[in-house]
Amino acid sequence: AGPETVKYGGDTSASLVTMDNGQHLVLDAGSGVRRIGVHIERPSRVDVLLTHLHMDHIQGLGFFRPVFDPDVEVHIWGPVSTSYSLRERLGRYLSPPLFPVRIRELQAVELHDVNTPSSFTIGDVEVRADLITHPGPTLGYRLEGDGGTLTYIPDHEPALGEENFPPDPSWTSGYSLARGADVLIHDAQYDDDEYEERQGWGHTSYNQLLAYGALTGARTVVTFHHDPAHSDERLDELLAEARATEPPFDLVGGTEGLEIEVGSG
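Report follows, based on the coordinates. These figures come from a predicted structure and were not determined experimentally.

With respect to helix H5 (residues 206–216)
Thinking step 1. Along H5, the residues classified as buried are Tyr206, Gln208, Leu209, Leu210, Tyr212, Gly213 and Thr216.
Thinking step 2. Positive phi shows up at glycine 217, right after H5, with a value of about 75°.

What follows is the structure, given as structure tokens:
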């Protein structure tokens, strides 16, 4: 964070979903989750859905106020591994010397390994999860409830290995999660030149995002997971260039504090 990133923000990935009944779901726990923990009124339960365990998506967990409140149920969901449980993997971070508090000391925290593909219910929300193209076990999520559908795929490289992107939908990573979504929050890390130098890193260019959004039929696409080297000015330029192509959806720049109403409410 700094003066050049005031608009789009300098925090790592964290988004808050609030349902009509007050239910809270948190998508990833990057550094931005600290602000979410301060923002929400003291809830009885919070669910945190982790897409994967790269540091920029979990580094805020130790600073998320609800995990230290014994009166708040905190449920943390994350991708299953063939070798270690979610608790064991998160415990590598939430333990000395990286953090002074061990995960076993957080009494009201419950962890859930998410198999793929899977569907489950959290309160009034139907959740679908499936693996998507990104290094390491990585999930995309589709949330349905309150008359709307939100898809969250923040780290994603659906064009990997494809000379003519996008291919047939049935072969496109994350398509079933994003198809027809009211809002799709999606990776938009690179411009075309940057992507050429970083193929296989697990991220998407703006032009690939335009093609992906059109393929899925999403109504609104929100750019997310911006490159840390991109200033507000550069992101404004990339967004303006993308909008000039007149995509068949609303293209919204994911800015710090952005609020979007999903569905009919």
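Remarks on the pairing of strand S4 (residues 73–79)
Put simply, side chains in a regular strand alternate between the two faces of the sheet.
Thinking step 1. With respect to burial, S4 is a largely interior element, six of its seven residues being buried.
Thinking step 2. Here five bridges tie strand S3 (residues 45–49) to S4, and the two strands are oriented parallel to one another. Looking at the pairing, arginine 45 lines up with glutamate 73 of S4.
Thinking step 3. With six bridges joining them, S4 and strand S5 (residues 109–114) adopt parallel strand pairing. The residue bridging proline 79 from the neighbouring strand is valine 114, located in S5.

Re the packing of aromatic side chains
Thinking step 1. Applying the stated criterion across every chain, the model contains four aromatic pairs.
Thinking step 2. Residues phenylalanine 63 and phenylalanine 99 carry aromatic rings whose centres are separated by 5.6 Å and whose planes lie at 85° to one another, so their mutual orientation is edge-to-face. Here phenylalanine 63, found in the loop between S3 and S4, pairs with phenylalanine 99, found in the loop between helix H2 (86–91) and S5; they are 36 residues apart in sequence, far enough to count as distant.
Thinking step 3. Ring centres of tyrosine 152 and phenylalanine 224 lie 5.8 Å apart, and the angle between their planes is 70°; this geometry places the pair in the edge-to-face category.

Quick word on the pairing of strand S11 (residues 220–224)
Thinking step 1. Most of S11 sits inside the fold, with five of its five residues counted as buried.
Thinking step 2. Taking every second residue as pointing to the same face, both faces of S11 are buried, with Thr220, Val222 and Phe224 on one and Val221 and Thr223 on the other.
Thinking step 3. Across five bridges, strand S10 (residues 183–187) lies against S11 in parallel orientation. By the bridge assignment for S11, valine 183 is matched with threonine 220.
Thinking step 4. Bridge count for S11 against strand S12 (residues 250–253) is four bridges, and the pairing is parallel. Bridge pairing links threonine 223 to glycine 253 in S12.
Thinking step 5. In the classification by handedness, the crossover that spans S11, the intervening helix H6 (residues 232–243) and the parallel S12 is right-handed.

A word on unusual backbone geometry
Thinking step 1. Geometrically, the link from threonine 116 to proline 117 is a cis peptide bond, its omega value of -15° lying close to zero.
Thinking step 2. Its place among the elements puts proline 117 in the loop between S5 and strand S6 (118–122).
Thinking step 3. Despite not being glycine, histidine 225 shows a phi value in the positive range, around 55°.
Thinking step 4. Within the fold, histidine 225 resides in the loop between S11 and H6.

Structural notes on the sheet that holds S3
Thinking step 1. Spatially, the five strands line up as an open sheet ordered S1-S2-S3-S4-S5, and their pairing is mixed. One side of each edge strand has no neighbouring strand; the edge strands of this open sheet are strand S1 (15–18) and S5. Put simply, the sheet's adjacent strands are angled 20° from each other on average, direction ignored.
Thinking step 2. Examined bridge by bridge, S1 and strand S2 (residues 24–27) share four bridges and lie antiparallel to one another. Residue pairing in the sheet places valine 17 in a bridge with leucine 25 of S2.

Criteria and cut-off values
- Residues numbered from 1 in each chain as written.
- Predicted model: local features only at pLDDT ≥ 70, side-chain atom pairs only at ≥ 80, totals over all residues.
- Heavy atoms only, no water.
- Buried < 20%, exposed > 50% of the residue type's maximum accessible area, 1.4 Å probe, protein only.
- Helix = DSSP H or I, 4+ residues; strand = E, 2+ residues; numbered from the N terminus.
- Pairing = 2+ DSSP bridges.
- Phe/Tyr/Trp six-rings, centres within 6.5 Å; stacked < 30°, edge-to-face > 60°.
- Right-handed = clockwise from strand over helix to strand, strands pointing away.
- Axes fitted to C-alpha atoms, helices over the stretch in contact; angles between N-to-C directions.

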